[in-house]
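Residues per chain are reported as follows:
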Amino acid sequence: MTAKKGLFITLEGVEGVGKSTHAAFISEQIRRTGRVVTLTREPGGTRAGEEIRNILLHAHETGVTAMTELLLIFSARNQHLEEVIRPALARDEVVLCDRFTDATYAYQGGGRKIAWDRIGTLEWLIQHGLQPDLTILFDLDPQTGLQRANGRSVADRFEKESLEFFARVRAAYLQIARDEPRRMVVLDAAPPIEVVQAELLKLLKDRGIC
Ligand code: TMP
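Below or above, wherever it landed, is the structure these notes cover.

The full count for this structure, using the stated rule, is seven aromatic pairs. Between the aromatic rings of tyrosine 107 and tyrosine 173, the centroid separation amounts to 6.4 Å while the plane-to-plane angle is 80°, which identifies the pairing as edge-to-face. With tyrosine 107 in helix 4 (residues 101-111) and tyrosine 173 in helix 7 (residues 163-179), this pair connects stretches of sequence that are 66 residues apart. By the burial criterion, tyrosine 107 is buried, and tyrosine 173 matches it. Through a chain of ring-to-ring contacts, the aromatic side chains of Tyr107, Phe158, Phe165, Phe166 and Tyr173 assemble into a single cluster.

In contact at an axis separation of 11 Å, helix 1 (residues 19-31) and helix 8 (residues 193-206) are set at 40° when each is read in the N-to-C sense. Of the possible angle classes, the one that applies to helix 1 and helix 8 is oblique. Note on packing geometry: the crossing formed by helix 1 with helix 8 is right-handed. On helix 8, the residues touching Thr21, His22, Phe25, Ile26 and Gln29 of helix 1 are Ile193, Val196, Gln197, Leu200, Leu201 and Leu204. Each residue belonging to the contact of helix 1 with helix 8 can be placed in one class, and the counts come to seven nonpolar, four polar and no charged.

Cut-off values and rules
Per chain, the residues get numbers from 1 upward, laid out in the order the sequence is written. Predicted model: local features are reported for residues with pLDDT of at least 70 only, side-chain atom pairs are reported and counted for 80 or more only, and whole-chain, interface and lining totals are derived from all residues. Side-chain numbers here rest on the full set of heavy atoms in the structure, without hydrogens or water. Whether two aromatic rings pair depends on their centres lying within 6.5 Å, for rings of Phe, Tyr and Trp, where Trp uses its six-membered ring; planes under 30 degrees apart make the pair stacked, over 60 edge-to-face, and the rest tilted. Under the DSSP-based scheme used, a helix requires at least four consecutive residues in state H or I and a strand at least two consecutive residues in state E, with every element numbered from the N terminus. Exposed residues in this analysis have more than 50% of their type's maximum accessible area, buried residues have under 20%, and partly exposed residues fall in between, with area computed by a 1.4 Å probe over protein chains only. Lines fitted to C-alpha atoms define the axes here, with helix axes fitted over just the stretch in contact, and angles between the N-to-C directions of these axes take values from 0 to 180 degrees. Any angle that falls under 35 degrees is termed roughly parallel, while one over 145 is termed roughly antiparallel, one within 65 to 115 roughly perpendicular, and all others oblique. The hand of a helix crossing depends on one turn: near helix anticlockwise from the far one by less than a right angle means left-handed, and clockwise means right-handed. By the convention used here, residues are in contact when the closest approach between their heavy atoms is within 4.5 Å. In the scheme used here, Gly and all other residues not listed as nonpolar or charged are polar, with Ala, Val, Leu, Ile, Met, Phe, Trp, Tyr, Cys and Pro taken as nonpolar and Asp, Glu, Lys and Arg as charged.

This is the structure in structure tokens:
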């Protein structure tokens, strides 16, 4: 296994918080400092991972159970770690990942009610203790988030879930932020984008990243 040297940053939040836009902004700010940024996402980030993403998001008719979903997510993550994340970190790059294992605790743990220790077992199996250096949680009331998300595209398998599901997802994210306040920073995603970006820049400066 290659040793970690670079910086691993992950972005989290319910649907519609603007993660993709914020990811592009953060990536641009860090690139300006001269560092190489690998911008990637989960589920996905590799050819195999994108195929798995397709099953997870669009194959409504396949009837994937919660445990199968969990195993598919960790399969995609394992490929992503081996093919993209660990090599980029070993080259001392910044890896900026749109969702990672906190999403699994939030969606499969909180949303689908799979016990967190089962998720922890798989996490240990493939990550061997590798954790993000910084996770930014864009927090937003799920009703507002889903309205934003559904306004831009046809709802995928997750976006069709109930508001109660997303309320559990949000609560799980906030629980992780309480448990790991140094790693996970919560930003309010409700204000206009310029306001959120100003907060982001301040955070990156405070952490010595920009
Ligand atoms: P995205 O819309 O942010 O690209 O994420 C795709 C969906 O995948 C989103 O609804 C959350 C879901 N997801 C999980 O359920 N568990 C996970 O571990 C990850 C990474 C994503």
